Amino acid sequence: MGFDERAESWDRSQRRQALADAVAEGIRCTIPLSPSMRLLDVGAGTGLLTRRLLPHVGTITGVDSSSAMLEKFAAIGGDTVGIHCDILAFESDAPFDGIVSSMTIHHIERIDLLFEKLHSLLKPGGFLAVADLAPEEGTFHDRGNEGVYHFGFDEAFLLQEAQRAGFVDISHTFIHRIEKPSGRVYDIFLLTARTKRRG
């Protein structure tokens, strides 16, 4: 069952709601947000993270590869827009003040290309805030690993790729734990970074 088929029931999961709370709180505690900011939410899905950040910023553009998820994203209203697109193919007329993402990048094969793309979409001094899984054994996804390219991420690997793409002020912090009915526990990190400022 893909993301389109799961969109209708996606937000009913208390685990996902708690994760979105933790990621949003981690971002707000790390990044000074302001009403003038224009953000991009990568893998925005139904907008769980966008809903929590929107009161603190100006506008949020959500990009996702699932049209059904974006139908629910559209219900957020306010200063949001959803775009059905692969992030590596996404283009913007103007750079963003910040890019956020939650539990998406393990579905993207080429992390090097992803970080380069995200860097190119940010203003000088713009921020990146990405939450995802710490290394795991491939057991996180209950419905199998189709479309999963990474079983979590090693901190050193992410720091290397972020630096290679040109990011600075890179930080890696664990912000949440997900406990599944199986009893297995999965750690969630938040990676933050910035593009270099002019001058």
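As the structure is a computational prediction, the values presented were derived from the model and not from experiment. (Residues numbered from 1 in each chain as written. Predicted model: local features only at pLDDT ≥ 70, side-chain atom pairs only at ≥ 80, totals over all residues. Heavy atoms only, no water.)

## Looking at the sheet that holds strand β2 (residues 59-64)
Keep this limit in mind: For two strands to count as paired, DSSP must find a minimum of two bridges between them. Under the DSSP-based scheme used, a helix requires at least four consecutive residues in state H or I and a strand at least two consecutive residues in state E, with every element numbered from the N terminus. Every axis in this analysis is a line fitted to C-alpha atoms, fitted for helices over the stretch in contact. Angles between the N-to-C directions lie between 0 and 180 degrees. We call two residues contacting when some pair of their heavy atoms lies within 4.5 Å.
Here we have seven strands laid out as an open sheet, ordered β3-β2-β1-β4-β5-β7-β6, and mixed in their pairing. Looking at strand neighbours, the two that pair on one side only are β3 (80-84) and β6 (168-179), the edges of this open sheet. Each neighbouring strand pair of the sheet contributes to a mean axis angle of 15°, computed without reference to strand direction. Bridging between strand β4 (residues 96-102) and strand β5 (residues 122-133) involves six bridges; their strand directions are parallel. Note that in β5 the partner of V100 across the bridge is A129. Here helix α4 (residues 67-74) sits on the sheet in contact with β2 and β3, set at roughly 170° to β3. Packing against the sheet, helix α5 (residues 111-120) makes contact with β1 (38-42), β4, β5 and β7 (185-194), and its axis sits at approximately 140° to β5.

## Here's the deal with the pairing of β4
Here is the rule we go by: Here the term buried applies to any residue with accessible area under 20% of the maximum for its type, exposed to any over 50%, and partly exposed to those in between, with areas from a 1.4 Å probe on protein chains only.
Judged by how many residues are buried, β4 sits mostly within the fold: seven of seven residues are covered. Bridge count for β1 against β4 is four bridges, and the pairing is parallel. Bridging from a neighbouring strand, D41 pairs with V100 of β4.

## Some remarks on the environment of I31
Note on placement: I31 falls in the loop between α2 (14-30) and β1. The contact partners of I31, leaving out residues within four places of it in the chain, are F127, T192 and R194.

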